[in-house]
Amino acid sequence: EDCFDQLIKSQKSCSAIICAYDHIALGAMKAIKSNGFIVPDDYSLIGIDNITFSEYCYTPLSTIGINIDLMCEAVWNLMSKKLKNSFYTSKENILVDCKFILRESVAKKHP
């Protein structure tokens, strides 16, 4: 909520906000409403992680669903290598399958 308030005070123009997690997006949605704006008419809003509650909000939240099983497997593989060898380091990029889930928090078209 504080971040959205700062965005409003900065008077920077934007029409969409992408949040690191759905919980953050829900806080942004609350701040948008309390400042007299409407999702998605004034701001499109997207979260990441597709928590169950996201689709049941007053304005269902668009989100990026991440395959948690694959992410946990990737983390486990890295941790296992580190546990076997305390000098192990990795700079590899790990790609985890995800899916954009479009709901009502994204406007069809912004000006």
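Residues numbered from 1 in each chain as written. Predicted model: local features only at pLDDT ≥ 70, side-chain atom pairs only at ≥ 80, totals over all residues. Heavy atoms only, no water.

K.L.:
Would you mind going over the side chain of Asp22 with me for this structure?
P.N.:
Turning to its location among the elements, Asp22 is positioned in helix α2 (residues 22–34). Despite being buried, Asp22 has no salt bridge partner; Arg103 is the closest side chain of opposite charge, sitting 5.6 Å away. A polar side-chain atom of Asp22 sits 2.7 Å from a polar atom in the side chain of Thr63. The contact partners of Asp22, leaving out residues within four places of it in the chain, are Gly47, Ile48, Asp49, Asn50, Ile51, Ser54, Leu61 and Thr63. (Helix = DSSP H or I, 4+ residues; strand = E, 2+ residues; numbered from the N terminus. Buried < 20%, exposed > 50% of the residue type's maximum accessible area, 1.4 Å probe, protein only. Lys, Arg positive; Asp, Glu negative; His and termini not counted. Salt bridge = Lys/Arg side-chain N within 4 Å of Asp/Glu carboxyl O. Polar contact = N/O pair within 3.5 Å; in protein donor to acceptor, adjacent residues only side chain to side chain. Contact = heavy atoms within 4.5 Å.)

K.L.:
What exactly am I supposed to notice about the packing of aromatic side chains here?
P.N.:
Geometry of an aromatic ring pair is reported as the spacing of the ring centres plus the angle between the planes. Counted according to the given criterion, the structure contains 1 aromatic pair. Ring geometry for Phe37 against Tyr43: centres 5.5 Å apart, planes inclined by 85°, an arrangement best described as edge-to-face. We note Lys33 situated over the ring of Tyr58; from NZ or CZ to the ring centre the distance is 5.9 Å. (Phe/Tyr/Trp six-rings, centres within 6.5 Å; stacked < 30°, edge-to-face > 60°. Lys NZ or Arg CZ within 6 Å of the ring centre and 35° of its normal.)

K.L.:
Looking at this structure, I do not really get unusual backbone geometry. What am I missing?
P.N.:
Among all residues save glycine, negative phi is the norm, and among peptide bonds the norm is trans. With an omega dihedral of 5°, the bond running from Val39 to Pro40 counts as a cis peptide bond. Tracing the backbone through its elements, the reader meets Pro40 in the loop between α2 and β2 (44–48). Unlike most non-glycine residues, Asp49 shows phi in positive territory, near 130°. By secondary structure assignment, the location of Asp49 is in the loop between β2 and β3 (62–66). On the basis of relative accessible area, Asp49 is assigned to the partly exposed category, the value being 25%. Of note in this structure, Asn50 is not a glycine but carries a positive phi near 50°. Tracing the backbone through its elements, the reader meets Asn50 in the loop between β2 and β3.

Interpretation in functional terms is not warranted from these geometric data alone.
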